[in-house]
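The primary structure of each chain is shown beneath.
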Amino acid sequence: MPDKTPTPRSGDHNSPFFQSMQREMNQFFDRFRSREMSTPAEFFDAFTGPAFPALDVVETDEAMEITAEVPGVTEEDLDVTVSHDTLILKGEKSNQHEETKADIHFVERRYGSFRRQIPLGFVPADGGVQAQFQNGVLKLRVLKPEETRKNVQKIEISKG
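One structure accompanies this document, and this report is about it.

So, on to the overall build of the chain. When its secondary structure is counted, the chain shows three helices and seven strands. If you list the helices and strands of the chain from N to C, you get α-α-β-β-β-β-β-β-β-α. Looking at the chain residue by residue over its 160 residues, the buried ones come to 18%. Taking the intrachain contacts of the chain between residues at least 6 apart in sequence as the baseline, contacts between residues at least 24 apart amount to 44%. Here the chain has roughly 12,900 Å² of accessible surface; of this, 50% comes from carbon and sulfur atoms.

Below, the structure written as structure tokens:
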């Protein structure tokens, strides 16, 4: 019995095959359009899965509070900077585990660098960023400038 599975034909752009391929290609290119990639490392980072480190970002009236989980990273391997209205968190994770039992010698290494950019929506004042690092958790508090706090307007929403 001949195979009756539809095959894509030249010019048949509405086939499920082409629609699926188009969707995947759009997602692929959207990854690149949504990121600033100025170095080869940033280009290849676009292929990675979930972003590392995991971040919690909370905005209050006075500050942005950011918590980053960076297990296996030491304080010396972290670099936190502010460029205009963007907080940049960079670091390098390296971990080595070595175990010897009887005739077996086992060595495991994990390493890699990371970079996260967090848009703040304001330029913090000099000295306006506080950082604490303990047990693999980095806590940052970025104080909002006074003019940013004053420029908030409450918008009333009417019904229908």
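Overall, the coordinates contain three salt bridges when judged by the stated rule. Where E59 meets K144, a salt bridge forms, and the shortest distance between an N and an O atom there is 2.6 Å. In this pair, E59 sits in strand 1 (residues 54-59) while K144 sits in the loop between strand 7 (137-143) and helix 3 (146-150), placing the two residues 85 residues apart along the sequence. Given a relative accessible area of 53%, E59 falls into the exposed group. In this structure, the salt-bridge partner of D79 is K90, at a minimum N-O distance of 3.7 Å. With a gap of 11 residues between them, D79 in strand 3 (residues 78-83) and K90 in strand 4 (residues 86-101) connect regions that are remote in the sequence. Overall, the relative accessible area of 31% leaves K90 in the partly exposed class.

Residue classification places K144 among the buried positions, given a relative accessible area of 10%. Only 2.9 Å separates the side chain of K144 from the backbone oxygen of T60, close enough to count as a polar contact.

Examined against the element boundaries, T86 turns out to sit in strand 4. A polar atom in the side chain of T86 sits 3.4 Å from the side chain of D85. Not counting chain neighbours up to four residues away, the residues in contact with T86 comprise T81, Q117, I118, P119 and L120.

Time to look at the nonpolar core. Residues I66, L78 and L120 are the most contacted members of the largest nonpolar core, which totals 15 residues. Residue assignment for this core shows that the elements contributing at least two residues are strand 2 (63-69), strand 4, strand 5 (104-119) and strand 7. Once you skip the residues sitting within four places of it in the chain, L78 turns out to touch V70, V73, L89, K90, G91, F114, F133 and L138.

So, how was this worked out
- Residues numbered from 1 in each chain as written.
- Predicted model: local features only at pLDDT ≥ 70, side-chain atom pairs only at ≥ 80, totals over all residues.
- Heavy atoms only, no water.
- Helix = DSSP H or I, 4+ residues; strand = E, 2+ residues; numbered from the N terminus.
- Buried < 20%, exposed > 50% of the residue type's maximum accessible area, 1.4 Å probe, protein only.
- Contact = heavy atoms within 4.5 Å.
- Areas by Shrake-Rupley, 256 points an atom, 1.4 Å probe, with all protein chains shown as cover.
- Salt bridge = Lys/Arg side-chain N within 4 Å of Asp/Glu carboxyl O.
- Polar contact = N/O pair within 3.5 Å; in protein donor to acceptor, adjacent residues only side chain to side chain.
- Core = buried A, V, L, I, M, F, W, Y, C linked by side-chain atoms within 4.5 Å.

Distances and angles like these do not, on their own, reveal function.
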